[in-house]
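Letter by letter, the chains look like this.
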Amino acid sequence: MIQKKNAALVLHSGGQDSTTCLFWAKKHFEEVRALCFTYGQRHSKEVQIAQNIANEANVPFQILDATIISHLANNSLTNHQMEMDKEKPDDSYPNTFVPGRNLLFLTFAAVIARDHGIKNIVTGVSQADYSGYPDCRDTFIRSTNATINLAMDEQFIIHTPLMWLNKAQTWELADELGVLDIIKNKTLTCYNDIVAEGCGMCPACILRNKGLQEFEQLKNKK
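Residues numbered from 1 in each chain as written. Predicted model: local features only at pLDDT ≥ 70, side-chain atom pairs only at ≥ 80, totals over all residues. Heavy atoms only, no water.

Remarks on unusual backbone geometry
No. 1: Even without being glycine, Asp-153 reaches a positive phi, approximately 55°.
No. 2: Mapping Asp-153 onto the fold places it in the loop between α4 (138–152) and β5 (157–159).
No. 3: Of the residues examined, Asp-153 reaches a relative accessible area of 70% and is grouped as exposed.
No. 4: We note that Ala-196 has phi near 65°; this positive angle belongs to a residue other than glycine.
No. 5: Judged by relative accessible area, which is 17%, Ala-196 ranks as buried. (Helix = DSSP H or I, 4+ residues; strand = E, 2+ residues; numbered from the N terminus. Buried < 20%, exposed > 50% of the residue type's maximum accessible area, 1.4 Å probe, protein only.)

Written as structure tokens, this is what we have:
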């Protein structure tokens, strides 16, 4: 297997965070590939959106079926009849949390990256603005990186460009990368499958739109 030192595999869902990471990777690596998952998510349009964006970015795109996730635990992203939590409960995680999702996604991504001789894996998780999901924390990423390397006897590096950025700072990064319009108008973050600013009511939309408003206010003051 030929090792590609300046190549990256990006976990790309077509949303704000992963699309920002896709263009971040294009800036930092010579070769970039995108990997998207289907897992029975209610916002299934994101897969087509992800493919459209990857095509526009001229990045090879792969879809992997991970629907087994939808059969493992009850949550409002794969159980379309369950009403979504709009805020994190005081004594638990929000029911939009899909247990094991990021762990499985990163494991699958590492297998695919290995097959392509790629050592760099990029994901858009953030501890600064993570909705209370435990698998978006820096400690989880570091632990998973070490475990995957041990499991495959490889030296993968999991990059998390957004780890310490809040949503306003993520919008700022998109602006710095020159893709603000793409992120603003062509991505799908909404859990109710509405592109761009979305439904405005689901947890993902509330975070995204609040961050955009804060970013625009700061930009206007400069």
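Once you've had a look at it, read on.
Overview of the packing of aromatic side chains
No. 1: Within the structure shown, the criterion is met by 6 aromatic pairs.
No. 2: Between the aromatic rings of Phe-37 and Phe-105, the centroid separation amounts to 3.9 Å while the plane-to-plane angle is 0°, which identifies the pairing as stacked. Pair noted here: Phe-37 is in strand β2 (residues 31–38) and Phe-105 is in helix α3 (residues 101–115), with a separation of 68 residues, a long-range link.
No. 3: The class of Phe-105 is buried, set by a relative accessible area of 8%.
No. 4: The positively charged end of Lys-119 is found above the aromatic ring belonging to Phe-156, 5.7 Å away from the centroid. (Phe/Tyr/Trp six-rings, centres within 6.5 Å; stacked < 30°, edge-to-face > 60°. Lys NZ or Arg CZ within 6 Å of the ring centre and 35° of its normal.)

Some thoughts on the nonpolar core
No. 1: Counting residues in each nonpolar core, the largest one holds 35 residues, and the members touching the most others are Leu-106 and Ile-121.
No. 2: Where this core is concerned, the elements lending two or more residues are β1 (4–11), β2, α3, β4 (118–122), α4 and α7 (203–221).
No. 3: Here this core gets 6 residues from one element, more than from any other, and that element is α3.
No. 4: Residues in contact with Ile-121, not counting those within four places in the same chain, are Leu-9, Leu-11, Leu-106, Ala-109, Ala-110, Ala-113, Phe-156, Ile-157, Ile-158 and His-159.
No. 5: Judged by nonpolar contacts, the second largest core, of 33 residues, contains Val-32, Leu-188, Leu-212 and Phe-215. (Core = buried A, V, L, I, M, F, W, Y, C linked by side-chain atoms within 4.5 Å. Contact = heavy atoms within 4.5 Å.)

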